[in-house]
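Coordinates in review
Residues per chain, in single letters:
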Amino acid sequence: MQTAKVVQFPKVKQHLKPTKSVKDVGEDALARTGEAHGDICIFRSDLRLMLNQAPNDHKAISARILALRETFKEAELQLVKLLQEMRTATPAEAS
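Overview of the structure. Computed from a prediction, not measured in an experiment: that's the story for all the values here. (Residues numbered from 1 in each chain as written. Predicted model: local features only at pLDDT ≥ 70, side-chain atom pairs only at ≥ 80, totals over all residues. Heavy atoms only, no water.)

Topic: the pattern of salt bridges
Where charged atoms of side chains with opposite charge meet at close range, the side chains can pair. As enumerated under the stated definition, the model contains five salt bridges in all. We note a salt bridge from E70 to R69, for which the minimum N-O separation is 4.0 Å. What makes E70 partly exposed here is its relative accessible area of 41%. Overall, the relative accessible area of 45% leaves R69 in the partly exposed class. A cluster of three or more residues bridged by salt bridges with shared partners is formed by K20, D28 and E85. (Salt bridge = Lys/Arg side-chain N within 4 Å of Asp/Glu carboxyl O. Buried < 20%, exposed > 50% of the residue type's maximum accessible area, 1.4 Å probe, protein only.)

Right under this line is the structure:
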């Protein structure tokens, strides 16, 4: 009868990322939403200009709408990531 031999694999070292403080995550959210806000304002302005100059230009108007959509999608992804970071965030030390 054969016997089974247990093979132990070496432990994988997990590098723990230093966690951000709650305040750091919040400040990142302000910075990222500020960037998104600036981009959205520019794309809205471009869309408004295009609607005034060429209201029937399907391709140009669609491009501006898609740019807005991508900006909103990217902002949402960044905010989801920040919410995930918030789960492991540490309280800020009192000054």
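Considering the nonpolar core
In this structure, I40, L47, M50, A60, I61 and L68 together form the largest nonpolar core, which totals six residues. When contributions to this core are tallied by element, the ones reaching two or more residues are helix 1 (22-53) and helix 2 (58-88). (Core = buried A, V, L, I, M, F, W, Y, C linked by side-chain atoms within 4.5 Å. Helix = DSSP H or I, 4+ residues; strand = E, 2+ residues; numbered from the N terminus.)

Considering helix 1
Over its 32 residues, helix 1 runs 46 Å from end to end, which matches the ideal 46 Å to within 8%, given 1.5 Å per residue. Those residues of helix 1 that fall on the buried side of the exposure criterion are V25, A36, I40, L47 and M50. Turning to helix 1, the residues buried within the fold contact helix 2. (Expected span 1.5 Å × (residues − 1). Contact = heavy atoms within 4.5 Å.)

What about the packing of helix 1 against helix 2?
For the pair helix 1 and helix 2, interaxial distance at closest approach is 9 Å and the crossing angle is 175°. Here helix 1 is positioned roughly antiparallel relative to helix 2, judged by the angle of their axes. Each residue belonging to the contact of helix 1 with helix 2 can be placed in one class, and the counts come to 19 nonpolar, three polar and seven charged. (Axes fitted to C-alpha atoms, helices over the stretch in contact; angles between N-to-C directions. Parallel < 35°, antiparallel > 145°, perpendicular 65-115°, else oblique. Nonpolar A, V, L, I, M, F, W, Y, C, P; charged D, E, K, R; others polar.)

A look at the environment of K23
Locating K23 in the fold gives a position in helix 1. Given a relative accessible area of 52%, K23 falls into the exposed group. Separated by 66 residues in sequence, K23 and A89 have C-alpha atoms that sit 8.6 Å apart.

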